[in-house]
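# Descriptive structure summary
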Amino acid sequence: MATKEQQTIPVSVIETPDISLSSKEQQGIDELISHSPQLAGITIDALKLIQAERGWVSDASLHALSLYTQIPVADLDSVATFYNLIFRQPVGKVVLHPCDGISCDLMGGEHIRQCLKQQLNITAGETTPDNRFTLIPLPCLGACDKAPVMIANKQLFENVTTDELPKLLSTFNEVS
Amino acid sequence: MNQTLPHNPLTRFITDDESCWSIEQYQNQGGYQGFRKSLTLSQEQLLDTLKESNLRGRGGAGFPTGLKWSFVPRGDDAPSPRYLIVNADEMEPGTFKDRMLMEKTPHQIIEGLLIGAQTLGASIGYIFLRGDYYLAEKRLTKALQECRDANLLGENILGSGLDFDIHLHTSAGRYICGEETALINSMEGKRANPRAKPPFPQVAGLWGKPTIVNNVETFCNLPHIIHFGPQWFKDLGLNDDAGTKIFGVSGRVNHPGLWELPMGTPIRDIIEQHAGGMRDGYTLKGFLPGGGSTDFLVAEHLDIPMDYDTISKQGSRMGTGTIIILDDRYCPVAMVLNLIKFFAQESCGWCTPCRDGLPWAQVLLEKIEHGEGEPEDINQLEELCRFAAPGNTFCALAPGAVEPLQSALKYFREDFEAHINQACCPFHDKKRQGIDETGTPCIKGSGGDKYEQL
Ligand SMILES: Cc1cc2nc3c(=O)[nH]c(=O)nc-3n(C[C@H](O)[C@H](O)[C@H](O)COP(=O)(O)O)c2cc1C
Ligand code: SF4
Ligand code: FES
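Residues numbered from 1 in each chain as written. Chains lettered and ligands numbered in written order. Predicted model: local features only at pLDDT ≥ 70, side-chain atom pairs only at ≥ 80, totals over all residues. Heavy atoms only, no water.

### Observations regarding helix α16 (residues 375-387) of chain B
Residue and element names in this part refer to chain B. Convention followed: Only protein chains enter the calculation, and the probe is 1.4 Å; a residue is then buried if its accessible area is under 20% of its type maximum, exposed if over 50%, and partly exposed in between. Elements are defined by DSSP. Helices are runs of H or I of four residues or more, strands are runs of E of two residues or more, and each kind is numbered from the N terminus. This arc is taken over the directions from the axis of the helix to the C-beta atoms. Whether two residues are in contact is decided by their heavy atoms: any pair within 4.5 Å suffices.
Along α16, the positions that sit buried rather than exposed are Asp377, Ile378, Leu381, Leu384 and Cys385. Projected down its long axis, α16 shows its buried positions confined to an angular sector of 120°, all on one face. Exposed and oriented more than 90 degrees from the buried face of α16 are Pro375 and Arg386. The secondary structure elements touched by the buried residues of α16 are α15 (357-369), α17 (397-411) and α18 (413-422).

Okay, structure coming up:
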C-alpha cells in the first residue's frame, strides 16, 4: 500500500518545469486532439510525437504528457510498453533495425546481425557507449525479395552484405 | 472491346519511373473512373456488384468481401459516422505485397476507399499503416493531399454530395494490430488485445460505430470491379476464385519478387517461371504458400493451383499469397524456430495457449536445434500445437503460429529426429564453413540471441 507521502511524489515530479511539454509539443498534441473523436485515440500519435522531439519516452515525459492531456499515466504506459517502436529507454543517434524475419534469415540475415554486433560490440537492444548506435532487430520488414534487409534512419537498405556494413556504418558516423 | 479489358488490373498503372504514384498519371491512365462510375449507382447496386464479383479478402482469411459489407447497417436511421479502415499493418513474416501497392499506386487505395464510402455511406476512412513503412507513409500523405486539392476528398466530392475524408494512422509496430479487432482497440488508444465477437466490427467497431476493416489489396480491387464489372472480374480467375492476386516468392530462388497473376495459377508456374526456379546448388525442400502462419507444403504439391479452396484441401492456407521457400540446405528446425520466436514475441498475452504455449515451443525447438533435444520433446511440441488449435484461443494468432510447426513435424520429422539422435544440428556444421558458392554468407541456424551466449 502506498502511503500518502509516496503518492505525492509523482506530483512534485510532474511539476518540475524542465520536463513539461514544450509549446511545440503542446501545439502538436492540441492538433491531434482536434482530429480524434475521443481523447484516448491520440495516445500512439502523442507518444510518437514526444519521441520524435526527445528521442525516447522517459517516465518524466509520460507524466508530463499525462498532466497535459489528462490521460492517466498508467493508460499511456500500457500503450507505450506494448509497441516495438516506442522506446522507453534512451537510444543512440542512429537506431539500426536489421530484419530477423524468416526470409532474411534464409538468405543470411543472421550473419548480418552477427556482424553488426561484432562491429559495434553490443548485443540486441543495447546502445554503443558513444551513443551513436542502438541495435534493435525487427521482424519481417516487408522487403523479403531483397533479403537480407535493414532499416536505419528511416531508410531501407536492401540486399545487405557483410562486406558493405563497415562502409554503411561510417556513413552514419558522418551525418550524426 | 476485349483489348481494353485488363488482365492485370492492380498493377497495370505501375511504371518504373516516379510518375505512377502521382494523381495526374493515375487519372490519365484511367484512374478514378471506377469511383466516378460508382457515383451514378445506388448503394444497393454497388453492394450487389461487389457480392456478385466473388471478391474475397486478400489479408489472409479470404472472407467474401461483399458478404462482410452487407452486415453494415444502412439507411437513414443507421448509426453514424460509419468508418472504413484499410488494414496496412503488413507484418506477416514473408509478406511484402501491400508495401509495393502503397508505394506504387497509393491512389488506387484511395479510390477503393472512396467507392467504399459511396457504397456504405461512410464518412471517415483510416489507413492503418505499419510504422516502419516510411516510403509508403510519404507517398500516401502526398496522394491524400493531391486528392484534397482535386476535391476527391473533403466535402461534396466532385459535386456529388458525398462527404468523405481519409486519415493516415501510422502504427508503432506489433503484429497483433493486424487482427482487425485488435487494430480497432489500438486506434482507440488501448493495448491491442483482440475483442470478443460478436459484436462484429461491421455493427459496432471503432468507437462503437459500424466499421469495415479490409486489407490493402482488397480495397485496390474495388475500382476495377466497379469499372469493368463483376463478370470480367470472375473471368480473370482460372478456377472458382475470382480476380487476380499479387503472388510473391522469397528464399533461394533466382528471381525473388512479386507478380500479379490470375487466381488459381499453379504454384509451379509461380516458383519456376516467375521466380526463375531454385538457385544453382539448392533444391526445394518445402514451402509456406501464404506467409509465415501457413502450413508447409512440399514438392508433390507444386502442381496445385493457388486458390483458397484448393490450398485448404491440401492442409494449408493461401494466406497472403506470398510463398516462402525452404531449400535443402537450410535447417527446417531453425526455420520453424525463427517463426515460433516471432509469434511468441508478438503474442498479445491474453490467453494461455498462446502466451505460455508459444514460448514453451520456442524453448523446446531451441533445445533440439542446439543438439540437446530428447525424443519426448517432439511429442510435447505436438501437444502444444493441439493446445493452440482454433477454438482454444481468443484470436487466430496462435492457431496460425503453430501451422508451420505442426506441418514441419509431419513433413520433416526425420530432420527433427536427426537433431536428437546426432545431438547436434546436421545443417549447422555444413553452414559453419562460411561463404557459399553464390557469394552469400551462409546462415548458422536461426535465432540471433543464441550467438550472444557464445
Ligand atoms: C494476428 C493477426 C494478424 C493479422 N494481420 C493482418 C495484416 O497485417 N493485414 C491484413 O490485411 N490482415 C491481417 N489480419 C487479418 C485481419 O484480421 C482481417 O481478417 C483482415 O484485415 C480482413 O480484411 P480482408 O477481408 O480484406 O482480408 C491478421 C489477422 C491476425 C489474426
Ligand atoms: S491467441 Fe495470442 S494474440 Fe490472440 S488473443 Fe490469445 S494471446 Fe492474444
Ligand atoms: S523477412 Fe526480412 S524483410 Fe521479410
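### Some thoughts on the interface of chain B and chain A
Interfaces are often sized by the accessible area lost when the parts come together. Keep this limit in mind: Accessible-area loss on putting two parts together, using a 1.4 Å probe and summing over both, is the definition of buried area adopted here. For this analysis, a salt bridge means a side-chain nitrogen from Lys or Arg found within 4 Å of a carboxyl oxygen belonging to Asp or Glu.
Residue-level contacts link 58 residues of chain B with 45 residues of chain A. When the two sides are added together, the surface that chain B and chain A hide from each other amounts to roughly 4,200 Å², 58% of it contributed by carbon and sulfur. Contact with chain A buries area across many residues of chain B, yet B:Tyr134, B:Ala172 and B:Arg191 alone supply 15% of it, more than any other trio. Put simply, chain B and chain A have zero salt bridges between them.

### Section: the site of ligand 2
Residues and elements named next belong to chain B. The line we're drawing: The rule for a residue being near a molecule or strand is that one of its heavy atoms must lie within 4 Å of it. Lining residues are those with an atom within 4 Å of a point, where the points come from a 1 Å grid over the protein atoms alone and group into cavities, where a 1.4 Å probe fits but cannot get out, or pockets, open sets with protein on both sides within 12 Å along at least five of seven lines. Whether a molecule lies in a cavity or pocket depends on its atoms, and more than half of them have to be within 2 Å of the grid points. Ten residue types, Ala, Val, Leu, Ile, Met, Phe, Trp, Tyr, Cys and Pro, are classed as nonpolar, four, Asp, Glu, Lys and Arg, as charged, and the remainder, Gly among them, as polar.
For ligand 2, the set of nearby residues contains 13 residues, the closest of which are Cys348, Trp350, Cys351, Cys354 and Cys395. Judged by the fraction of its atoms near the pocket grid, ligand 2 is located in the largest cavity. Considered class by class, the residues forming the shell around ligand 2 number ten nonpolar, three polar and no charged.

### A few points about empty space enclosed by the protein
All names here are of chain B. Heads up, the rule is: Grid points are joined across faces, edges and corners, and a volume is the space filled by probe spheres set on the points.
Inspection of the entire model under this criterion finds four cavities of 30 Å³ or more. Lining of the largest cavity is provided by 13 residues; of these, Cys348, Cys351, Cys354, Cys395 and Leu397 occupy positions nearest its centre. When its residues are assigned to classes, the lining of the largest cavity shows ten nonpolar, three polar and no charged.

### Digging into the nonpolar core
Note the following rule: To define a nonpolar core, start from buried Ala, Val, Leu, Ile, Met, Phe, Trp, Tyr and Cys residues and group those joined through side-chain atoms within 4.5 Å.
Counting 95 residues, the largest nonpolar core has A:Tyr83, B:Ile85, B:Met335, B:Leu358, B:Leu365 and B:Leu405 as its most contacted members. For this core, the element with the highest residue contribution is helix α13 (residues 332-346) of chain B, accounting for ten residues. Setting aside residues no more than four positions away along its own chain, B:Met335 makes contact with A:Ile102, A:Leu106, B:Leu288, B:Phe296, B:Ile324, B:Leu326 and B:Tyr330. Listed in part, the 53 residues of the second largest apolar core include B:Leu55, B:Cys147, B:Cys220 and B:Leu236.

### Some details on the pairing of strand β4 (residues 211-215) of chain B
With five of five residues buried, β4(B) lies mostly within the body of the structure. Covered by surrounding structure in β4(B) are B:Thr211, B:Val213 and B:Asn215 together with B:Ile212 and B:Asn214, the residues of both alternating faces.

### Let's talk about the packing of helix α5 (residues 97-104) of chain B against helix α6 (residues 106-120) of chain B
Residues and elements named next belong to chain B. Basically, it comes down to this: The angle between two axes is taken between their N-to-C directions and runs from 0 to 180 degrees, where each axis is a line fitted to C-alpha atoms and a helix contributes only its stretch in contact. We call two directions roughly parallel when the angle between them is under 35 degrees, roughly antiparallel when it is over 145, roughly perpendicular when it lies between 65 and 115, and oblique otherwise.
Running from N to C, α5 and α6 point in directions that differ by 95°, and their axes come no closer than 4 Å. Judged by the inter-axis angle, α5 sits roughly perpendicular to α6. On the side of α5, the interface is formed by Leu101, Met102, Glu103 and Lys104, while α6 contributes Pro106, Gln108 and Ile109. Partitioned by chemical class, the residues of the contact of α5 with α6 number four nonpolar, one polar and two charged.

### Here's the deal with the site of ligand 1
Residue and element names in this part refer to chain B. What counts, and what does not: Pairs of N or O atoms within 3.5 Å make up the polar contacts considered here, provided that, within protein, one atom can donate a hydrogen while the other can accept it, and that residues adjacent in sequence are counted only when both atoms are side-chain atoms. Areas reported here follow the Shrake-Rupley algorithm with a probe of radius 1.4 Å; residue values treat only the protein chains shown as occluding.
What surrounds ligand 1 is a group of 18 residues, the closest being Gly59, Asn87, Asn214, Asn215 and Thr218. Glu90 has a polar backbone atom sitting 3.3 Å from an oxygen atom of ligand 1. Taking Asn215, its side chain carries an N or O atom lying 2.7 Å from an oxygen atom of ligand 1. Against a free-state accessible area of 620 Å², the protein chains account for coverage of 89% of ligand 1. Broken down by element, the shell around ligand 1 gets its largest block of residues, three residues, from β4. Looking at the shell around ligand 1 residue by residue, the class counts come to five nonpolar, seven polar and six charged.

### Here's the deal with a nonpolar patch on the surface
Rules: Every patch collects residues that have over 30% relative accessible area and no salt bridge, joining them within 9 Å if they carry like charges and within 5 Å if they are nonpolar side chains (Val, Leu, Ile, Met, Phe, Trp, Tyr).
The grouping of B:Phe63, B:Leu67 and B:Phe71 at the surface amounts to a nonpolar patch, some 280 Å² of accessible area in total. Overall, B:Phe63 belongs to the partly exposed group, its relative accessible area being 40%.

### A look at the sheet that holds strand β6 (residues 257-262) of chain B
All names here are of chain B. Here is the rule we go by: At least two bridges found by DSSP between two strands are what make those strands a pair.
Strands sit in the order β6-β5-β8-β7 across an open sheet of four strands; the sheet is mixed. Both edges of this open sheet fall to β6 and β7 (284-288), since each of them pairs with a single strand only. On average, each strand axis in the sheet is inclined to that of its neighbour by 30°, with strand direction left out of account. In this structure, β7 lies alongside strand β8 (residues 322-327), joined through four bridges in antiparallel fashion. Following the sheet pairing, Gly286 is matched in β8 by Leu326. Most of the contacts of α5 go to strand β5 (residues 244-250), to which it runs at about 115°, and overall it touches β5 and β6.

### A word on the packing of aromatic side chains
Counted only if it meets this: Two rings from Phe, Tyr or Trp (for Trp, the six-membered ring) form a pair when their centres are within 6.5 Å of each other. A pair whose planes differ by under 30 degrees is stacked, one over 60 is edge-to-face, and the rest are tilted.
Per the counting criterion, the structure on display carries 15 aromatic pairs over all chains. Taken together, a centroid distance of 6.1 Å and an interplanar angle of 55° make the contact between B:Trp232 and B:Phe233 tilted. Note on accessibility: B:Trp232 and B:Phe233 belong to one class, buried. Here a set of aromatic residues connected by ring pairs shows up, and it is made of A:Phe133, A:Phe157 and A:Phe172.

### A look at the domain arrangement of chain B
All names here are of chain B. Put simply, the rule reads: Just so you know, the domain bounds were taken from an automatic or database domain assignment.
According to the domain assignment, chain B contains domain 1 (23-236), domain 2 (244-327) and domain 3 (332-432). Spacing between the C-alpha centres of domain 1 and domain 3 amounts to 36 Å. Contacts between the two partners involve eleven residues from domain 1, matched on the other side by eleven residues from domain 3. Summed over both sides, the interface of domain 1 with domain 3 buries roughly 970 Å², with 71% coming from carbon and sulfur. Of all residues in domain 1, the largest losses of buried area upon contact with domain 3 belong to Arg174, Tyr175 and Asn193, amounting jointly to 45% of the total for that side. At the boundary of domain 1 with domain 3, the tally comes to one salt bridge. Counting across the domain 1 and domain 3 interface gives four residue pairs in polar contact (both at pLDDT 80 or more). In terms of residue class, the side of domain 1 that touches domain 3 is built from seven nonpolar, one polar and three charged.

### Observations concerning the sheet that holds β4(B)
In a beta sheet, neighbouring strands are held together by backbone hydrogen bonds and run either parallel or antiparallel to one another. All names here are of chain B. Taken in spatial order, the four strands line up as β3-β2-β1-β4 in an open sheet, and their pairing is parallel. The two strands at the open ends of the sheet, each matched to only one other strand, are β3 (165-170) and β4. Adjacent strand axes in the sheet meet at a mean angle of 20° when their direction is disregarded. Seen against the sheet, helix α7 (residues 134-149) touches β2 (124-129) and β3 and runs at an angle of roughly 165° to β3. The strands that helix α9 (residues 216-228) touches are β1 (83-88) and β4; relative to β4, the one it contacts most, it runs at about 95°.

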